[in-house]
Amino acid sequence: MNNKYIKLIIAALIIAAGIYFMFNRQIGLGILIVILSLIPILLFFRNEYILLAFWKLRKQNLSEARKWLNKITNPKSQLVRKQMGYYNYLMGITEAQDNPSKAESYMRTALDYGLSFKHDRALATLTIASGAMMRGNKNEAERLLNEAKKLDTSNMLGDQIKMMKEQMKKVNVSRSNMINPNMRSRSRYMK
C-alpha cells in the first residue's frame, strides 16, 4: 500500500469515530472529530513536506527547504501527480545555484507533471532557457525566453528575462567577430 493512502485511511477512521460519538449522544464532540478528519484529507492533496519547503523557501532558506524535500524518500508513492510537479519544481529551485544542469532537468520534469500557476511555469521555463543558453543553443533559449515572457503576466520575472536577453546579445556580438569556424585553419605548409 502506498504511503499517501494511509492519510485517507486515518481520515476514514476519524470520521467513523466521529459518527460513533454522534450516535452515542455526544453530537458536539462527534462534529468536532469529523471536522478534524479534514486535516489528513488536506494533507493527502497538499503534502506536509512540500508545504514546509515552500515556507522555508519563502524565508529564502534554501538549505532548510532542501532538508524538508529530502524527507520525501519515494516521491511516486508519497505524492499525487500535481505534487510531483511541485516537488520537482522545488528541487530545481534548490539546485539552481549549485548545479544548473540538474536544476534544468528538474524543471523539465516539473513542467511535464504540471504546475498550477503561470508564474511557476514561467520560472521553470526561464531556468530551462538559461540551461539552453549555457549549452550555446541560442534558438531554443530565445524561444523559451519568449514563452517565459508570455507566462509572466504579473511581470515578476521581467528583470531576469531582460538580463538574459542582454547576455544573449553579448554572446551574439562576440560570435560575429570570430573567424568563420567552418573554414579550415591554415597550416604552416599552406601559404
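Residues numbered from 1 in each chain as written. Predicted model: local features only at pLDDT ≥ 70, side-chain atom pairs only at ≥ 80, totals over all residues. Heavy atoms only, no water.

## Digging into the overall build of the protein
- What the protein contains, in helices and strands, is 11 helices and 0 strands.
- Tracing the protein from N to C terminus, the helices and strands come up as α-α-α-α-α-α-α-α-α-α-α.
- Sorting the 191 residues of the protein into buried and exposed places 35% on the buried side.
- In the protein, the share of contacts with a sequence separation of at least 24, taken over all contacts with a separation of at least 6, comes to 54%.
- A total of about 12900 Å² of accessible surface is found on the protein, and carbon and sulfur atoms cover 58% of it. (Helix = DSSP H or I, 4+ residues; strand = E, 2+ residues; numbered from the N terminus. Buried < 20%, exposed > 50% of the residue type's maximum accessible area, 1.4 Å probe, protein only. Contact = heavy atoms within 4.5 Å. Areas by Shrake-Rupley, 256 points an atom, 1.4 Å probe, with all protein chains shown as cover.)

## Some details on the packing of helix 8 (residues 100-113) against helix 9 (residues 118-135)
- Running from N to C, helix 8 and helix 9 cross one another at 140 degrees; their axes reach a closest spacing of 9 Å. One finds that helix 8 runs oblique with respect to helix 9. Taken as a pair, helix 8 and helix 9 cross one another with a handedness that is left-handed. Between helix 8 and helix 9, the contacting residues are Pro100, Ala103, Glu104, Met107, Arg108 and Leu111 on the first element and Arg121, Ala124, Thr125, Thr127, Ile128, Gly131, Ala132, Met134 and Arg135 on the second.
- The residue inventory of the contact of helix 8 with helix 9, partitioned by class, reads 8 nonpolar, 3 polar and 4 charged. (Axes fitted to C-alpha atoms, helices over the stretch in contact; angles between N-to-C directions. Parallel < 35°, antiparallel > 145°, perpendicular 65-115°, else oblique. Left-handed = near helix turned anticlockwise from the far one by under 90°. Nonpolar A, V, L, I, M, F, W, Y, C, P; charged D, E, K, R; others polar.)

## A look at the side chain of Gln83
- Inspection of the secondary structure puts Gln83 in helix 7 (residues 81-95).
- On the basis of relative accessible area, Gln83 is assigned to the buried category, the value being 5%.
- Leave out the neighbours within four places in its chain, and Gln83 touches Leu43, Phe44, Phe45, Arg46, Asn47, Ile50 and Gln78.

## Quick look at the confidence of the model for the protein
- The pLDDT averaged across the protein works out to 82; a share of 87% of its residues lies at or above 70.
- For the protein, helix 11 (residues 158-176) is the element with the lowest average pLDDT, namely 71, and helix 2 (residues 27-36) is the one with the highest, namely 92.
- pLDDT under 50 marks residues 173-178. Its contacts with residues more than four places away, or in other chains, come to 1 contact.
- Below a pLDDT of 50 lies the segment residues 187-191, which in the model reaches 0 contacts outside its immediate sequence neighbourhood of four places, other chains included. (pLDDT = per-residue confidence, 0-100.)

## Examining the packing of helix 5 (residues 62-70) against helix 7
- Orientation of helix 5 relative to helix 7, taken along the N-to-C sense of each, is 145 degrees, at an axis distance of 10 Å. As helix 5 packs across helix 7, the resulting crossing turns out to be left-handed. Contacts between helix 5 and helix 7 involve Leu62, Ala65, Arg66, Leu69 and Asn70 on the former and, on the latter, Tyr87, Leu90, Met91, Ile93, Thr94 and Glu95.
- Grouping the amino acids of the contact of helix 5 with helix 7 by side-chain chemistry returns 7 nonpolar, 2 polar and 2 charged.

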